[in-house]
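Topology and contacts: notes
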Amino acid sequence: MQIDILNIEGKKTGRSIELPEEIFGVEPNNHVIYLAVKQYLAAQRQGTHKVKTRAEVKGASRKLHKQKGTGGARKGNIRNPLYKGGGTIFGPKPHGWGFKLNRKVKDLAKISALSVKAKENSIIVIEDLALEAPKTKQFVGILKNLNINVDGKKTMFITPEHNDNVYLSLRNIPTVDGTMLSDINTYDIMNSNYLVFTESAAKIFTEEPAEA
């Protein structure tokens, strides 16, 4: 997959990069994308919901009246779940919502998500930024030069390593998020309308893996 490298003015630099077909050109597997997104969202749930059982609510433990001879129903203590202020039966308890996915499934999901964005022509490669200081206005201008509407479209800006000036420039833009290439996940990819790679980040895909 051949992509032109653009400058901060949104114009072609005359350079291009060949993104590997085995990552950006596969037939997307929608089911594994669903599983990876579901796992990510499940992991965000705190699972802190909790109610008190009859052993935890306030109230005396004495029997309300004798077992027989009253003509009424049998009663235990005031913490009985049938009474107002009593404990809750089978209520929710704190627990984690996360579940495990095999590494191969997660990798396939990420590759499928990247291929989806490649088919949608939603991948942009821009030359490396050299911001001297954090400037949100300047960063918005760069995105507009790339024909990205920051008011209505979500954008994921991807760098090879953490860059303070880039991060501080984009963090106040609600529709723009930034991450390192090593931290990107399937949810981030699918939740974005555009993926903007810096040139150095995109070149990592073309590098040969180091031999063990």
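Keep in mind that this is a model prediction, so the values were computed, not measured.

What counts, and at which threshold
Residues numbered from 1 in each chain as written. Predicted model: local features only at pLDDT ≥ 70, side-chain atom pairs only at ≥ 80, totals over all residues. Heavy atoms only, no water. Buried < 20%, exposed > 50% of the residue type's maximum accessible area, 1.4 Å probe, protein only. Helix = DSSP H or I, 4+ residues; strand = E, 2+ residues; numbered from the N terminus. Arc of directions from axis to C-beta. Contact = heavy atoms within 4.5 Å. Pairing = 2+ DSSP bridges.

1. Examining helix 4 (residues 136–145)
- Regarding helix 4, the residues found buried are Phe139, Val140, Ile142 and Leu143. Within helix 4, the buried residues cover an arc of 155° as seen down the axis, which keeps them to one side. Within helix 4, the exposed residues directed more than 90 degrees away from the buried face are Lys137 and Lys144.
- If you follow the buried residues of helix 4, they end up packed against strand 3 (123–126), strand 4 (155–159), helix 5 (164–170) and strand 5 (176–180).
- Count one or two residues on from helix 4 and you reach Asn147, which has phi positive near 65°.

2. Focus: the environment of Met156
- Within the secondary structure layout, Met156 lies in strand 4.
- When the C-alpha atoms of Met156 and Met190 are compared, they prove to be 10.0 Å apart, with 34 residues separating the residues in sequence.
- In this view, Met156 contacts Asp177, Gly178, Thr179, Asp188, Ser192, Tyr194, Leu195 and Val196; residues no more than four positions away in its chain are not counted.

3. Examining the pairing of strand 1 (residues 2–6)
- With 4 bridges joining them, strand 1 and strand 2 (residues 12–18) adopt antiparallel strand pairing. Residue pairing in the sheet places Ile3 in a bridge with Ile17 of strand 2.
- Taking the residues between adjacent antiparallel strands as the criterion, strand 1 and strand 2 are bridged by 5 residues, where Gly10 takes a positive phi near 80°.
- Where strand 1 and strand 3 come together, 2 bridges link them in parallel fashion. Among the inter-strand pairings, Ile5 is bridged to a residue of strand 3, identified as Val125.

4. Quick look at the side chain of Ser115
- Mapping Ser115 onto the fold places it in helix 3 (residues 103–119).
- In this structure Ser115 comes out as buried when scored by relative accessible area, which is 1%.
- Among residues more than four places away in sequence, those in contact with Ser115 are Ile23, Phe24, Gly25, Val26 and Pro28.

All we've got here are geometric facts, nothing functional implied.
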